[in-house]
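This is what each chain is made of:
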Amino acid sequence: MKKISLILALMISFVITSCGDEKKEEEKITIGDNNTFETIDTEEATMETDTAAAATDTLQREEGVVEVQLTGDDQMKFNLKEIKVKAGQTVKLTLKHVGQLEENVMGHNFVLLKQGTDLAKFAQQAASAKSNDYIPQNTDKVIANTEMIGGGEETTIEFKAPAAGTYDFICSFPGHYIQMQGKFIVE
Ligand SMILES: [Cu+2]
């Protein structure tokens, strides 16, 4: 029974979170051409953008750049199941480990994989590549990846969004990919 109520609670919180995200999506702010003579207006627009950034998971802060805030925790969970960006955008992705466990027991990374990659096979190869931060040596499957981090740490990478389509992202720490995976959607 405990398990069932836990699952229910998770489902409910997921639904609430999903609804919240949709609403936030609509609140995205795009700054148009600023009139250079109206400096006050420009400052206000910048402040609005900062506020939105604090409350939104993904945000187009400036033309061509999208910021993604991804977290991983001690329960082996990413906060995002889906990341949406647009083709041609530069993705500035920050992975933050919001747990407390150390990298050697609960390490997390973000690995974006090419389409058609066999996740189980890749994860197996990754698991035996400890010396390479759990990224298989000489792999041709990785589009972008962060370093492996432990509790309290964070890391940021920038990469060009690949061609439009749906891609998988995972954490390649041994045993994590089954729970820690999601879809990276390029529109
Ligand atoms: Cu992990």
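Everything here concerns the structure above.
About the thresholds
Residues numbered from 1 in each chain as written. Predicted model: local features only at pLDDT ≥ 70, side-chain atom pairs only at ≥ 80, totals over all residues. Heavy atoms only, no water. Donors = N, O, S within 2.8 Å, 3.2 Å for Na, K, Ca; no water. Helix = DSSP H or I, 4+ residues; strand = E, 2+ residues; numbered from the N terminus. Buried < 20%, exposed > 50% of the residue type's maximum accessible area, 1.4 Å probe, protein only. Polar contact = N/O pair within 3.5 Å; in protein donor to acceptor, adjacent residues only side chain to side chain. Pairing = 2+ DSSP bridges. Phe/Tyr/Trp six-rings, centres within 6.5 Å; stacked < 30°, edge-to-face > 60°. Salt bridge = Lys/Arg side-chain N within 4 Å of Asp/Glu carboxyl O.

A. Here's a closer look at the coordination of the copper ion. Ligation of the copper ion by protein atoms is provided by Gly 107 (O), His 108 (ND1), Cys 171 (SG) and His 176 (ND1), these donors lying 2.1 to 2.7 Å from the ion. In terms of primary sequence, the donors binding the copper ion are separated according to G-H-x62-C-x4-H. Of this pair, Gly 107 sits in the loop between helix H3 (103-106) and strand E5 (111-113) while Cys 171 is found in the loop between strand E8 (165-170) and strand E9 (181-186), placing the two residues 64 residues apart along the sequence. Looking at Gly 107, the relative accessible area reads 0%, which means it is buried.

B. Looking closely at unusual backbone geometry. Its identity is not glycine, yet Asp 133 carries a phi of approximately 60 degrees, on the positive side. Within the element layout of this structure, Asp 133 appears in the loop between helix H4 (119-127) and strand E6 (142-145). Residue class for Asp 133 comes out partly exposed when judged on its relative accessible area of 27%. Notably, Asn 138 is not glycine yet its phi reads approximately 55 degrees, a positive angle. By the secondary structure assignment, Asn 138 is in the loop between H4 and E6. According to the relative accessible area criterion, Asn 138 is exposed, its value standing at 78%.

C. Just the side chain of Gln 89, in detail. By secondary structure assignment, the location of Gln 89 is in the loop between strand E3 (82-85) and strand E4 (90-97). A distance of 2.7 Å separates the side chain of Gln 89 from the backbone nitrogen of Lys 86, its partner in a polar contact.

D. The pairing of E4, seen in detail. With six of eight residues buried, E4 is to be regarded as a mostly interior element. With eight bridges connecting them, strand E2 (residues 65-72) and E4 associate as parallel partners. In the strand pairing of E4, Leu 70 is matched with Leu 95. Where E4 and strand E7 (residues 154-160) come together, seven bridges link them in antiparallel fashion. Counterpart to Leu 93 in the pairing with E7 is Ile 157.

E. Region of interest: the packing of aromatic side chains. Tallied over the full model, the rule gives six aromatic pairs. With a centroid separation of 5.5 Å and an interplanar angle of 35 degrees, the aromatic rings of Phe 110 and Phe 169 are classed as tilted. Of this pair, Phe 110 sits in the loop between H3 and E5 while Phe 169 is found in strand E8, placing the two residues 59 residues apart along the sequence. Here Phe 110 falls in the buried class, since its relative accessible area comes to 0%. The exposure class assigned to Phe 169 is buried, which follows from its relative accessible area of 0%. A ring pair is formed by Phe 110 and Phe 184, whose centres lie 6.5 Å apart and whose planes are at 55 degrees; its orientation type is tilted. Separated by 74 residues along the polypeptide, Phe 110 in the loop between H3 and E5 and Phe 184 in strand E9 bring together distant segments of the chain. Per residue, the accessibility class of Phe 110 equals that of Phe 184, and both read buried. Through successive ring pairs, a cluster of aromatic residues spans Phe 78, Phe 110, Phe 159, Phe 169 and Phe 184.

F. Local environment of the pattern of salt bridges. All told, the structure shown has one salt bridge when counted by the stated rule. Residue Lys 183 pairs with Asp 168 through a salt bridge whose shortest N-O separation is 2.7 Å. Residue Lys 183 is located in strand E9, and its partner Asp 168 is located in strand E8; the two are separated by 15 residues in the primary sequence. In this structure Lys 183 comes out as partly exposed when scored by relative accessible area, which is 38%. A relative accessible area of 18% means that Asp 168 is categorised as buried.

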